[in-house]
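The primary structure of each chain is shown beneath.
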Amino acid sequence: MAAASLARFLRPDQCSIRLVESAEIGIVGVGEATVPHIRFFNQTLGLDEADFMRKTHATFKLGIEFVNWARLGDSYIHPFGDYGRPFRGVKFHQVWNRLRLAGDTSPIDDYSLPIEAAKNARFAPPTNDPQSPLAGFGYAFQFDATLFAPYLRAWSEQRGVRRTEGRVVDVTLRGTDGFIESLTLASGEKIEGDLFIDCSGFFGLLTEKSLHTGYEDWTHWLPCDRAVAVPCESSGPLLPYTRATAHTAGWQWRIPLQNRIGNGHVYSSKFLSDDEAAATLLKNLDGKALAEPRFLKFVTGRRKKTWNRNCVAIGLSGGFVEPLESTSIYLIQAAVTHLIELFPDRNFDAVNLDEYNRVMDLEFERVRDFIVLHYHATERDDAPLWNYVRNMSIPDSLAYKMELFRERGVVVNYRVGLFFEPSWVAVYVGQRILPKRFDPLLDDAPLDELRRHMGTLRTAVQAGARAMPTQAEFIARHV
Amino acid sequence: MSEPVHDMATRNLVIVGGGLAGWYAAARIGHAMRGRKITVRVVHAAPPRAPADPLDVFCASTLPAQAVAHAELGLEERLFMRECRATFKLATEYRGFTDPARSYMLPHGEIGARLEAVGFHQFITRLAQAGRAPDLDEFSVPSIAARLGRFAHPSQDARTVLSTYEYAYHFDTQAYTRLLRGFAQRLGAVAIDAELAGVERSADGRDIAALTLADGERITGDLFIDCSGARSALLGATLDVPFDSWRGWLPCDRALATRVPALEPPAPFTRVSAEAGGWTWQVPLRSELEQAQIFDSSRVDPDTALKRALSGGAPVSEMSFVNGRRRELWRGNCVAVGAAAGFLEPLASTGLQLINEGVTRLVALFPDRGSMPTMAAEYNRAMGAMYDGARDFVLLHYLLSRRAEAPWNVEPASWPPSLARRVEMFRYRGRVVLEDDEIFEESDWACAFVGQGERPARYSILADQANDAEVLARVAKIARVMQAAVQKLPPHHAYLERYLA
């Protein structure tokens, strides 16, 4: 992704791009779920959506279903889109909350078109007409990351990126300032460069092994440190959403692709053995496993400086937050976007690096806080992991946001970083953080009038979803 | 589940101060809460010899958000404009802030066009480095229209460049305050025409318990809104929230304002001009022109300034102020709005906008009696950032001035770190650093920096895709299309006459 974006925006007469990769080192990723920003990435490169989807076995994604998170038996979908419509300028979720406090029981899910479509395995792209019932939502993709990488490789190579197959065996630092001067490959070839982008994964070949940048460990907020993944055969309708099912010491992802389903179990090694984790995973598959389970280890956190000297760490080398909200690809995209905006000259001035690290810190921390919310806001007390996360102290940046929602349904919005108001509403409500009080602007609103407003919206959502084809039909026709 | 008992509801609102801030708050809150079982009382007599609040005296020169606020209120534009002798505003002209001979526009609208996913000013930097230095003013419909004295409402058709701007207003503040007062009273606000004699704190000292009026009446409330002006009778004088002065950065402390009959048709923009010792402003109403001097009384003798102002023959209003804000804007059950919260000289038309933002956020965070501390913390975080961002924006005009006399050439002991960072990043590569809560957006900051003569050392690689000739051709075309479109707009005064006929 970094090579393709840089090739798109750097003129070849000004800058040459080389990419070193080794076939000996595998790609992590067994079915990747994304957020809607991926479409902007694809559009920027001018990728044809149908072609991209065919070549990566992609499906459409309207949201993520969370099962068993706040309580065993609970389920909610975090949709890519708005809920309902405002009532006389009052936000929809406040109207819903007003009626909830009056005893109404209709779930907030009933007012989201992407949720209704997702539940019925339907899909159609949104229209641009805001008055249309098919407006007000977005979509992302679920695809095979091991196929997306070669797809981007071909695209990049056509635009002048030079790819070198080889394993890095040595990194030479400049004596004066400790900047990276060159890489030496197993073949003996020496590769010099001005700027090095470390996409080597958790290992952090350049940023950590050579520059010793250091890592901020977030395990005390997000204790999962292992994953085991396996693909399985598809069964049932082709669902346009990712599922994250909480288990006793972690959670399991289910990412449907066109040809199979990607599955994985993220867990904490403190509370679960690898064998137990694999057994739980295999027990909870929709179809026959198609490979041996693969194990991954990780430490949740962020590199202390994702840009250090002349090295920018992008992807897992920069930091890792478990894929509960499908943010891994987004964080790569954000890093590349900010790097392009702050593309350096050979001076690598501190002012530029500091600004990059400031915004990337915000990007990481805002994703982290949102993930922490899923764990911390639980009522589960059936296993040690849940007892730990329920009682742990959380970042201040999350604590005050939760308090404002719990108090009166207020959502704090911000400029840099992922997750807008509807996402926060979805997860607060889904995790049973429910406002104690209602918005005083609705104090006088006659309840039957609010109920009529809600009824109209519910009907429109149902009609909108019915007007969509199933995802399988849509893919057969357009992809 | 049964209907919850709403025993903690905030039902009894007391606003202290009946100026612009007080009646604006009463109207907006009254409208948002219309039909609710809530009482809004406005204690509105100023004590004798109270210094005039500059926010009440100056004409209002607003930012575009005011049109949005009026739409929310249901305040009809024609009615409002007639009552308040209002004119349209497309920009502010800054004269002599870099050197005495130069001026630039801060327009209400887009600059240039989106050529890549990057601010248009990056292309201007690129051309400047190639030896061409087109003026940003040529790439803004509102700047071009302002200079030519033209106006029409923006087009709704996104395909035309006439949809790339917004507009604001100039109007008479006292007429506006009367209009809002009528509006608020029709919504049920009660005006109490009595002077404030005393303020009681609650037993624990954290809240306001009651007000005592000069006639002996005692007024209790759930939530008090302090709109008492710079004396900050509740938040500052009673709850002891300290005032953080910005005087070390913004030394002006006096203003003299006068109205003269207009000799020319009203310009669709505000003009501010840097002078020795301070600056002046000109705000056009329908048939009058407000002229004001804002200056540092340690550098300009107030008597001399007054004599000069009086020589015009019109009455002169004299005002004193200190730039700065209260460390907290909401404490306990007391929120300050307007000068009771803070004051910023009107160089960037932020006066009414800070009131507007405060009231909007107060409505969004409207507290129950149990949730005051939670809501106050969030209000202080967001509104504090709004004030500080606006201060940075005004202050950059001083600190980046190239004029050779005080206060423009004074280097303060230290800069606010937030502004230092913004300036450093702009100089380094034309990047505008924005916080989460800001009044001004990227194009505003870029215009101000460029207008003040800042030339970034580098430009974005996103502005480097095409060759110089292609960029020049595209940029020239934008200017041409804008120029041609503006030529079709009517003169501002003709448009006003027709629109308000």
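Data block above holds the structure.
Criteria and thresholds
Residues numbered from 1 in each chain as written. Chains lettered and ligands numbered in written order. Predicted model: local features only at pLDDT ≥ 70, side-chain atom pairs only at ≥ 80, totals over all residues. Heavy atoms only, no water. Salt bridge = Lys/Arg side-chain N within 4 Å of Asp/Glu carboxyl O. Buried < 20%, exposed > 50% of the residue type's maximum accessible area, 1.4 Å probe, protein only. Pairing = 2+ DSSP bridges. Helix = DSSP H or I, 4+ residues; strand = E, 2+ residues; numbered from the N terminus. Axes fitted to C-alpha atoms, helices over the stretch in contact; angles between N-to-C directions. Lys, Arg positive; Asp, Glu negative; His and termini not counted. Contact = heavy atoms within 4.5 Å. Polar contact = N/O pair within 3.5 Å; in protein donor to acceptor, adjacent residues only side chain to side chain.

**Q** Would you mind showing me how to read the pattern of salt bridges here?
**A** Where side chains of opposite charge bring their charged atoms close, a pairing between them can arise. Residue and element names in this part refer to chain A. On inspection of all chains with the given rule, the structure shows 73 salt bridges over all chains. Salt-bridge contacts for aspartate 13 lead to arginine 11; the nearest nitrogen and oxygen are separated by 3.2 Å. Here arginine 368 and aspartate 369 are joined by a salt bridge, their closest N and O atoms 3.0 Å apart. Across the pair, aspartate 369 and arginine 368 agree in class, each one buried.

**Q** Would you take a moment to explain the sheet that holds strand β17 (residues 294-297) of chain A for this structure?
**A** Residues and elements named next belong to chain A. Here seven strands make up an open sheet; going across it, the order is β5-β4-β14-β15-β16-β13-β17 and the pairing mixed. Looking at the sheet topology across the chains shown, the edges are occupied by β5 (75-79) and β17. When strand polarity is set aside, the average angle formed by the axes of neighbouring strands in this sheet is 20 degrees. Relative to β5, strand β4 (residues 63-67) runs antiparallel, the two sharing five bridges. Looking across to β5, one finds that valine 67 is bridged to serine 75.

**Q** Could you clarify how one ought to interpret the sheet that holds strand β2 (residues 32-33) of chain A in this entry?
**A** Within a sheet, neighbouring strands are paired by backbone hydrogen bonds and run either parallel or antiparallel to one another. With respect to topology, three strands assemble into an open sheet ordered β2-β6-β3 (chain A), the strand pairing being antiparallel. The sheet terminates laterally at β2 and β3 (59-61) of chain A, the two strands that pair on one side only.

**Q** What's the story with the side chain of glutamate 116 of chain A in this structure? I'm lost.
**A** Residues and elements named next belong to chain A. Mapped onto the secondary structure, glutamate 116 falls in helix α5 (residues 113-119). Buried charge without a salt bridge: glutamate 116, with lysine 119 as the nearest opposite-charge side chain at an N-O distance of 5.5 Å. In this view, glutamate 116 contacts Val461, Gln462 and Ala465; residues no more than four positions away in its chain are not counted.

**Q** I'm lost on the environment of isoleucine 191 of chain A in this one. Help?
**A** Residues and elements named next belong to chain A. With respect to the element layout, isoleucine 191 can be found in strand β10 (residues 190-192). The exposure class assigned to isoleucine 191 is buried, which follows from its relative accessible area of 5%. Isoleucine 191 sits 173 residues away from arginine 18 along the chain, and the two C-alpha atoms are 8.9 Å apart. Other than its neighbours up to four places away in sequence, isoleucine 191 contacts Arg18, Val20, Thr164, Glu181, Ser182, Leu183, Leu185 and Phe196.

**Q** In this structure, what is going on with the environment of glutamine 471 of chain A? I would like to understand it.
**A** Residues and elements named next belong to chain A. With respect to the element layout, glutamine 471 can be found in helix α14 (residues 471-478). A relative accessible area of 0% places glutamine 471 in the buried class. When the C-alpha atoms of glutamine 471 and glutamate 449 are compared, they prove to be 36 Å apart, with 22 residues separating the residues in sequence. Side-chain polar atoms of glutamine 471 contact the backbone nitrogen of phenylalanine 60, separated by 2.8 Å.

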